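Structural overview
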Amino acid sequence: MESNYTHQLVELRSFNPKDYCVIDIRDAESYHKAHLKEALHMDDLNAIKKFALEHSGQKVLLQCWRGNTAAQYANALHGAGVQNIYFLKADFDDFKASGLEVLEN
C-alpha cells in the first residue's frame, strides 16, 4: 500500500537514523534476531500513538520489513492526528549494505 501522505515517506538513501526515534514494528522474534541500533520495538498501534504523542517534539519513524506495514501504520496514526510520524520505505535486508548499523543476535 502506498502512503497518501508522501511527506511522511523516508527513503533509505536519505535516511539518517540520528534524525528520528526509530520504532521497529516487526514481530518480536524478528526484532530480537536483528534490528537497527537504537530502534525500539513496538507493534501495537495504540502504544505507538501514545509514544509519538508523548514525544511530540521528535520525529518518530516506523520501520518494518519493506515499508508497507509501516506506511499503513503511519497513515492510520496521521489520520488520528499524530503529526510527527514518518515511515521508512526500504527493504530491511538492504540496511547493512547501506551502511546502517544492524544489531544481530
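Residues numbered from 1 in each chain as written. Predicted model: local features only at pLDDT ≥ 70, side-chain atom pairs only at ≥ 80, totals over all residues. Heavy atoms only, no water.

1. Notes on the packing of aromatic side chains
The line we're drawing: In summary, the pairing rule links any two rings of Phe, Tyr or Trp, Trp by its six-membered ring, whose centres are within 6.5 Å, and it sorts them by plane angle into stacked for under 30 degrees, edge-to-face for over 60 and tilted for everything else. Secondary structure elements are defined from DSSP: runs of H or I of at least 4 residues count as helices, runs of E of at least 2 residues count as strands, and each element is numbered from the N terminus. Burial classes follow relative accessibility: with a 1.4 Å probe on protein chains only, a residue under 20% of its type's maximum area counts as buried, one over 50% as exposed, and anything between as partly exposed. Counted as over-ring charges are cases with an Arg CZ or a Lys NZ within 6 Å of the ring centre that also lie within 35 degrees of the ring normal.
One pass over the full model with this rule turns up four aromatic pairs. Relative to Tyr86, the ring of Tyr20 lies with its centre 5.8 Å away and its plane at 65°, an arrangement referred to as edge-to-face. Of this pair, Tyr20 sits in the loop between β1 (9–11) and β2 (21–24) while Tyr86 sits in strand β6 (residues 85–89), and the two are 66 residues apart along the sequence. Each member of the pair, Tyr20 together with Tyr86, is buried. A connected cluster of aromatic rings, assembled from ring pairs, spans Phe15, Tyr20 and Tyr86. The aromatic ring of Tyr86 is capped on one face by Lys59, whose charged end is 5.7 Å from the ring centroid.

2. Let's talk about the pairing of strand β5 (residues 60–63)
In plain terms, the rule: Strands were regarded as paired on the criterion that DSSP finds at least two bridges between them. For crossovers, right-handed means that the path from the first strand over the helix to the second runs clockwise, given strands pointing away from the viewer.
With burial as the criterion, each face of β5 is covered, one bearing Val60 and Leu62 and the other bearing Leu61 and Gln63. Where β2 and β5 come together, four bridges link them in parallel fashion. Across the sheet, the residue bridging to Ile23 is Leu62, located in β5. Pairing geometry for β5 and β6, over three bridges, is parallel. Bridged to Val60 within β6 is Ile85. Handedness of the β-α-β unit built from β5, helix α3 (residues 68–79) and β6 comes out right-handed.

3. Brief notes about the sheet that holds β1
Remark on secondary structure: sheet strands pair via backbone hydrogen bonds, oriented parallel or antiparallel. This is how it is decided: Residues are treated as being in contact if the distance between any of their heavy atoms lies within 4.5 Å. Orientation is described by lines fitted to C-alpha atoms, with helices fitted over the stretch in contact, and by angles between N-to-C directions that extend from 0 to 180 degrees.
Taken together, the five strands give an open sheet; going across it, the order is β1-β6-β5-β2-β4, and neighbouring strands pair in parallel fashion. Looking at the sheet topology across the chains shown, the edges are occupied by β1 and β4 (40–41). Together, β5 and β6 form the strand contacts of α3, whose direction differs from that of β6 by roughly 165°.

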